[in-house]
Amino acid sequence: MPMSHAFEQRLHPILLEVVREFGTPFHIYDEEGIINSSELLKETFRDVYGFKEYFAVKATPNLEILKIMQRLGFGFDCSSVPELIMSRSIGAIGEDIMFTSNNTTLEEFKVAATDGGCILNLDDITLIEKVPVFPELICFRYNPGPKRTGNRMIGDPVESKYGVRHEQIVEAYRQAMERGVESFGLHTMICSNQLDYRYMVETVKMLIEVIELISSQLGITFQFINVGGGIGIPYKPDDRPFNMAAFAEESKDLLEQFKQRVGYVPRFYMESGRAITGPHGALIVSVTNRMSKYREYVGVDACMSSLMRPALYGAYHHITVLDSKNRPVETVDVSGSLCENNDKFAIGRPLPKVGEDDILLIHDTGAHGYAMGFNYNGRLRPKELLLCRDKKVKLIRREETVADYLKTFDFESRVIRPGG
């Protein structure tokens, strides 16, 4: 069911008042729903040895959301220096942070090593030579190539820029050992928005097979396996939700079988983002215009700079109209104001008939909504609000302003004359 039903029940009675106070557009998140989903995740994996969730900061990079994650005991999956800085600013240090970057620079490695460090998860074998100081614990991201299939969002492994190739993986750990590393982890992420739990079980099985291969050749043990993120949510009304309980149970069985064969069991890590916050967010917009061209258009006061998933992936986000009971239904495109024809939140969507100033709720923007925003056409990203457990609504990020957009033109002039 798109958007947490409980969130919708909490939000609808207060939404007009929130709109009057803050104005549209805005993303709003449900603290109660986020906490409940997180607690359920912990309970579901309670019997899986060493379970720890590293929340994917890229999904919802807001300090207030990260503080909720920290109170729940989660670590943080970071992929950039700003994400590292955000996580450290609320007290995360050392093994509370998994740093998985791509095409990593020397400067990024230096930041990763400061302020208590982190778990360094290397994305390519060539990065070994570039790590300035090797930590005691190292991890590699594994790419199985043609052994597995991916999906549109992250691509098939053979086409993916991520991870160490299968035929390189033993050598990667050998080189790490030569540099004095004594503790090891193995990571992968080969899918995105996956609703079939069996795919993720196969990923656990794959990681176990890989650490057995590495151990047989190098004699090392592994502190953890990390299945990454990729667990999906039911964006469409008829989507079946991911069976988290079955995933936990079958993962536990695989790890226990491994222990019987090998004599130890690695800790079990994952990096969910969408599964934690996705259903507990919505983009609230106002209808600004009605247009009748070769099809019917509903124009709203946000555009793909606030939510680019529909344009980027052709992704479906459910849309409801506030206070629209008993209205006739029509088929429309819901579009923004960007100078791109794919700037549409919905195409050919049946919706209750709307007019200017009606309020639309675009569901499931709690992850990869604001986070993927941009400034093409000088369009500015919206504010973010939090519906708190105590029923208050607070601003947790202000909207961008024209002054913000122009700020990068405020700098000290620098001019060189090359070759002069």
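This text goes with the structure placed above it.
Cut-offs and rules
- Residues numbered from 1 in each chain as written.
- Predicted model: local features only at pLDDT ≥ 70, side-chain atom pairs only at ≥ 80, totals over all residues.
- Heavy atoms only, no water.
- Salt bridge = Lys/Arg side-chain N within 4 Å of Asp/Glu carboxyl O.
- Buried < 20%, exposed > 50% of the residue type's maximum accessible area, 1.4 Å probe, protein only.
- Helix = DSSP H or I, 4+ residues; strand = E, 2+ residues; numbered from the N terminus.
- Contact = heavy atoms within 4.5 Å.
- Pairing = 2+ DSSP bridges.
- Phe/Tyr/Trp six-rings, centres within 6.5 Å; stacked < 30°, edge-to-face > 60°.
- Arc of directions from axis to C-beta.
- Patch = residues over 30% accessible without salt bridge, like charges linked within 9 Å, V, L, I, M, F, W, Y side chains within 5 Å.
- Areas by Shrake-Rupley, 256 points an atom, 1.4 Å probe, with all protein chains shown as cover.

An account of the pattern of salt bridges is requested, with residue identities and associated values reported.
Throughout the structure, instances matching the rule amount to 25 salt bridges. A salt bridge links Arg46 to Asp47, with the shortest nitrogen-to-oxygen separation between them at 3.6 Å. The class of Asp47 is partly exposed, set by a relative accessible area of 46%. In this structure, the salt-bridge partner of Lys394 is Glu64, at a minimum N-O distance of 3.4 Å. Here Lys394, found in strand E18 (residues 393-397), pairs with Glu64, found in helix H4 (residues 63-71); they are 330 residues apart in sequence, far enough to count as distant. Of the residues examined, Lys394 reaches a relative accessible area of 36% and is grouped as partly exposed.

I'd love a proper account of the environment of Arg379, names of residues and values included.
Tracing the chain through its elements places Arg379 in the loop between strand E16 (359-363) and strand E17 (383-387). With relative accessibility at 35%, the residue Arg379 sits in the partly exposed group. Between the alpha carbons of Arg379 and Met304 there is a distance of 9.3 Å; along the sequence they are 75 residues apart. Other than its neighbours up to four places away in sequence, Arg379 contacts Cys303, Ser305, Ser337, Leu338 and Phe374.

An account of the pairing of strand E8 (residues 183-187) is needed here, citing residue identities and associated values.
Side-chain positions along a regular strand alternate between the two faces of the sheet. Taken across its 5 residues, E8 has 4 buried, putting it largely inside the fold. As judged from the 5 bridges shared by strand E6 (residues 137-143) and E8, these two strands associate in the parallel manner. Bridge pairing links Phe140 to Leu186 in E8. Across 3 bridges, the pairing between E8 and strand E9 (residues 224-226) is parallel. Directly across from Leu186, in E9, lies its bridge partner Ile225.

Report on the packing of aromatic side chains, specifying residues and quantitative values.
For the coordinates displayed, the defined rule picks out 12 aromatic pairs. Here the aromatic rings of Phe45 and Phe268 are separated by 5.8 Å at their centres, their planes lie at 15°, and the arrangement is stacked. Of this pair, Phe45 sits in the loop between helix H3 (31-44) and strand E2 (52-56) while Phe268 is found in strand E10 (residues 267-270), placing the two residues 223 residues apart along the sequence. Residue Phe45 shares its accessibility class with Phe268, and that shared class is buried. Judged by centre distance (5.3 Å) and plane angle (80°), the rings of Phe258 and Tyr264 are edge-to-face. In terms of burial, Phe258 and Tyr264 fall into one category: buried. Through successive ring pairs, a cluster of aromatic residues spans Phe45, Phe51, Phe242, Phe247 and Phe268.

Please provide a residue-by-residue account of the pairing of strand E14 (residues 329-335), values included.
Counting buried positions over the 7 residues of E14 gives 5, a clear majority of the element. With 3 bridges joining them, strand E12 (residues 296-300) and E14 adopt parallel strand pairing. Across the sheet, residue Tyr297 finds its bridge partner in E14, namely Asp333. As defined by bridge partners, E14 adjoins strand E15 (residues 344-352) across 6 bridges and the pair is classed as antiparallel. Opposite Val329, over in E15, you have Pro352 as the bridge partner.

Account for helix H6 (residues 106-113), with residues named and values stated.
Among the residues of H6, Glu108, Phe109, Val111 and Ala112 are the ones counted as buried. Within H6, the buried residues cover an arc of 160° as seen down the axis, which keeps them to one side. Exposed residues lying more than 90 degrees from the buried face of H6 are Glu107 and Ala113. Each element contacted by the buried residues of H6 is listed here: helix H5 (81-89), strand E4 (94-100) and strand E5 (118-122). Backbone geometry just downstream of H6 places Asp115 in the positive-phi region, at approximately 50°.

Explain helix H7 (residues 169-178) to me, and be specific about the residues and the numbers.
For H7, the complete set of buried residues consists of Ile169, Val170, Ala172, Tyr173, Gln175 and Ala176. Lining the buried residues of H7 we find E6, strand E7 (164-165), E8 and helix H8 (197-218). Gly180 sits one or two residues past H7 and shows a positive phi near 95°.

Any details on a nonpolar patch on the surface? Residues and values, ideally.
Residues Val402, Tyr405, Leu406, Phe409 and Phe411 make up a contiguous nonpolar surface patch of roughly 560 Å² in combined accessible area. Secondary-structure assignment places Phe409 in the segment after helix H12 (402-406). For Phe409, a relative accessible area of 61% translates into the label exposed.

Lay out unusual backbone geometry in plain terms, naming residues and giving numbers.
Comment: phi is negative for the bulk of residues other than glycine, and the bulk of peptide bonds are trans. Note the cis peptide between Thr24 and Pro25, where omega equals 0°. You can see Pro25 is positioned in the loop between helix H2 (15-22) and strand E1 (26-30). The residue Asp323 is not glycine, and still its phi comes out positive at about 55°. Residue placement: Asp323 occurs in the loop between strand E13 (319-321) and E14. Located in the positive-phi region is Asp357, a residue other than glycine, with phi close to 80°. Within the secondary structure, Asp357 sits in the loop between E15 and E16.

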